[in-house]
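The chain contents come next:
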Amino acid sequence: MTHQDRFEAVYDAYYPAIHQYAARRTSSPDDTADVISETFLTVWRRIGDVPRGEEALLWLYGVARRVLANQQRGASRRAVLAERLRAELAADRPVRPVDLEHVRTAFDELPERDREVLALACWEGLTSERIAKVVGCTAFAARTRLHRARKRLAAALERQASLTIAMEEA
């Protein structure tokens, strides 16, 4: 019997039992499929270690049990990492004070092209030369775009201020 023949015989004989074992211990069909595939991958790699007869099923249960344990440890590590990343991102998130909401509103009114160069200059701290590399233009063109974007932002801020004053007077 070849390696492949032996694997196919084990697979055909014990797939239903391993499927049921995994399905009863996992929360989703995807997790069940992962356990089954990892279990039979181990069988393929270690076909010489698989016992004959009914002992093979017990060996497969042992393999599936270890695969499930690895899967649970991985899920636990991912959950801890995700929580840590959420905490780090929340701590690093720039605070947007309420009194600067008018700046955000004016910024949002600008065309995307203006917002991009302003954000690169102000938020990312890039020079005109570096902005040019990011947006794919010359340094002169980047300086010009940045200058014009700043003028349009100033005009939008003036409009916002005028609206605020008009609303306060009404």
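As annotated in an unreviewed UniProt entry, the chain carries the name RNA polymerase sigma-70 factor (ECF subfamily) and is attributed to Nonomuraea fuscirosea. UniProt, in the comment section headed Sequence similarities (unreviewed entry), describes the chain in these words: "Belongs to the sigma-70 factor family. ECF subfamily."

## Re the overall build of the chain
Within the chain, the secondary structure is distributed over seven helices and zero strands. In the chain, the succession of helices and strands from N to C terminus is α-α-α-α-α-α-α. Compactness check: the chain gives a C-alpha radius of gyration of 31 Å against a globular reference of 15 Å for 170 residues, more than 25% above the reference. With the C-alpha coordinates of the chain rotated into their principal frame, the extents come out at 90 × 45 × 25 Å. Considering the chain as a whole, with its 170 residues, one finds that 26% of them fall into the buried category. Across the chain, every contact between residues at least 6 apart in sequence was considered, and the portion connecting residues at least 24 apart equals 58%. A distance of 5 Å separates the average location of the 27 positive side-chain charges in the chain from that of its 25 negative side-chain charges.

## Side note on the packing of aromatic side chains
For the coordinates displayed, the defined rule picks out eight aromatic pairs. Measuring from ring centre to ring centre gives 5.2 Å for Phe107 and Trp123, while their planes differ by 45°; the resulting arrangement is tilted. Taken together, the positions of Phe107 in helix H4 (residues 101–109) and Trp123 in the loop between helix H5 (112–122) and helix H6 (128–135) put the pair 16 residues apart, joining distant regions of the chain. You can call Phe107 buried: its relative accessible area is 11%.

## Overview of a nonpolar patch on the surface
Taken together, the side chains of Leu81, Leu85 and Leu89 define a hydrophobic patch exposed on the protein surface, amounting to about 280 Å² of accessible area. Looking at where Leu81 falls in the secondary structure, it is placed in helix H3 (residues 55–92).

## Digging into H3
Taking 1.5 Å per residue as the helical rise, H3 with its 38 residues ought to reach 56 Å, and the 55 Å between its terminal C-alpha atoms agrees with that figure. What H3 keeps buried is the set Ala56, Leu57, Trp59, Leu60, Gly62, Val63, Ala64, Val67, Leu68 and Gly74.

## Quick word on the packing of helix H1 (residues 3–23) against H3
At their nearest, the axes of H1 and H3 sit 10 Å apart, and the two run at 45° to each other. Classified by the interaxial angle, the pair formed by H1 and H3 is oblique. Considering only the axes of H1 and H3, their crossing is right-handed. Contact residues: H1 offers Val10, Tyr14, Ala17, Ile18 and Tyr21, while H3 offers Ala56, Leu57, Leu60, Tyr61, Ala64, Arg65 and Leu68.

## Looking at the domain arrangement of the chain
On domain assignment, one finds that the chain holds domain 1 (1–94) and domain 2 (97–170). Each of domain 1 and domain 2 has a C-alpha centre, and the two are 53 Å apart.

## Things to note about the UniProt feature "domain: RNA polymerase sigma-70 region" (unreviewed entry) in the chain
Summarizing the sequence annotation, UniProt attributes the feature "domain: RNA polymerase sigma-70 region" (unreviewed entry) to residues 11–77 in the numbering used throughout. Taken end to end, residues 11–77 has its terminal C-alpha atoms 31 Å apart, with 79% of it in helix and 0% in strand.

## What about H6?
Within H6 the residues assigned to the buried category are Ser128, Ile131 and Ala132. Each buried residue of H6 sits inside an arc of 105° when the element is viewed along its axis, so together they form one side. Facing away from the buried surface of H6 by more than 90 degrees, the exposed residues are Arg130, Lys133 and Val134. Just downstream of H6 lies Gly136, where phi reads positive at about 80°.

## Some details on the nonpolar core
Core analysis: the largest hydrophobic core is formed by 20 residues, its most contacted members being Val10, Phe40, Val43, Val50 and Leu60. Taken together, the elements giving at least two residues each to this core come down to H1, helix H2 (29–45) and H3. Looking at this core, the element that brings in the most residues is H3, giving eight residues.

## Regarding the UniProt feature "domain: RNA polymerase sigma factor 70 region 4 type" (unreviewed entry) in the chain
In the numbering used here, UniProt assigns the feature "domain: RNA polymerase sigma factor 70 region 4 type" (unreviewed entry) to residues 103–153. Note that residues 103–153 is 80% helix and 0% strand, and that its end C-alpha atoms are spaced 9 Å apart.

The rules we used
- Each chain carries its own residue numbering, running from 1 in the direction its sequence is written.
- This being a predicted model, a pLDDT of at least 70 is required before a residue's local features are given, and a value of 80 or more before pairs of side-chain atoms are given or counted; all residues contribute to the totals for chains, interfaces and linings.
- To obtain the side-chain values, all non-hydrogen atoms of the structure were used and water was disregarded.
- UniProt positions are given in the numbering used here, feature names are shortened, and annotations may be inferred rather than shown by experiment.
- Helix and strand labels come from DSSP, where a helix needs a run of H or I of at least four residues and a strand needs a run of E of at least two; each type is numbered from the N terminus.
- As a reference, a globule follows 2.2 Å times the number of residues to the power 0.38, and the radius of gyration itself is taken over C-alpha atoms.
- The cut-offs for exposure are 20% and 50% of the maximum accessible area for each residue type, with area from a 1.4 Å probe on protein chains only; residues under the lower value are buried, those over the upper are exposed, and the others partly exposed.
- When checking whether two residues touch, look at their non-hydrogen atoms; a contact exists if any pair is within 4.5 Å.
- Neither His nor the chain termini are counted; the positive set is Lys and Arg, and the negative set is Asp and Glu.
- Taken as the charge location is NZ of Lys, CZ of Arg, CG of Asp or CD of Glu.
- Two aromatic rings from Phe, Tyr or Trp, using only the six-membered ring of Trp, form a pair when their centres are within 6.5 Å; if the ring planes differ by under 30 degrees the pair is stacked, by over 60 it is edge-to-face, and anything between is tilted.
- Two joining distances apply to patches: 9 Å for like charges and 5 Å for nonpolar side chains (Val, Leu, Ile, Met, Phe, Trp, Tyr), and every residue must have over 30% relative accessible area and no salt bridge.
- Only the protein chains shown count as cover for residues, and the accessible areas themselves come from Shrake-Rupley with a 1.4 Å probe.
- The salt bridge definition used is simple: a Lys or Arg side-chain nitrogen within 4 Å of an Asp or Glu carboxyl oxygen.
- Given the number of residues in a helix, its expected span is that number minus one, multiplied by 1.5 Å.
- Axis definition: a line fitted to C-alpha atoms, over the contacting stretch in the case of helices. Angles run 0 to 180 degrees between N-to-C directions.
- Here the angle decides the label: under 35 degrees means roughly parallel, over 145 means roughly antiparallel, 65 to 115 means roughly perpendicular, and every other value means oblique.
- Note: crossing handedness is left-handed where the near helix turns anticlockwise from the far helix by less than a right angle, and right-handed where it turns clockwise.
- Where each domain begins and ends follows an automated or database-derived domain assignment.
- This arc describes the spread of directions from the helix axis toward the C-beta atoms.
- In this description, a nonpolar core means a group of buried Ala, Val, Leu, Ile, Met, Phe, Trp, Tyr and Cys residues linked to one another through side-chain atoms lying within 4.5 Å.

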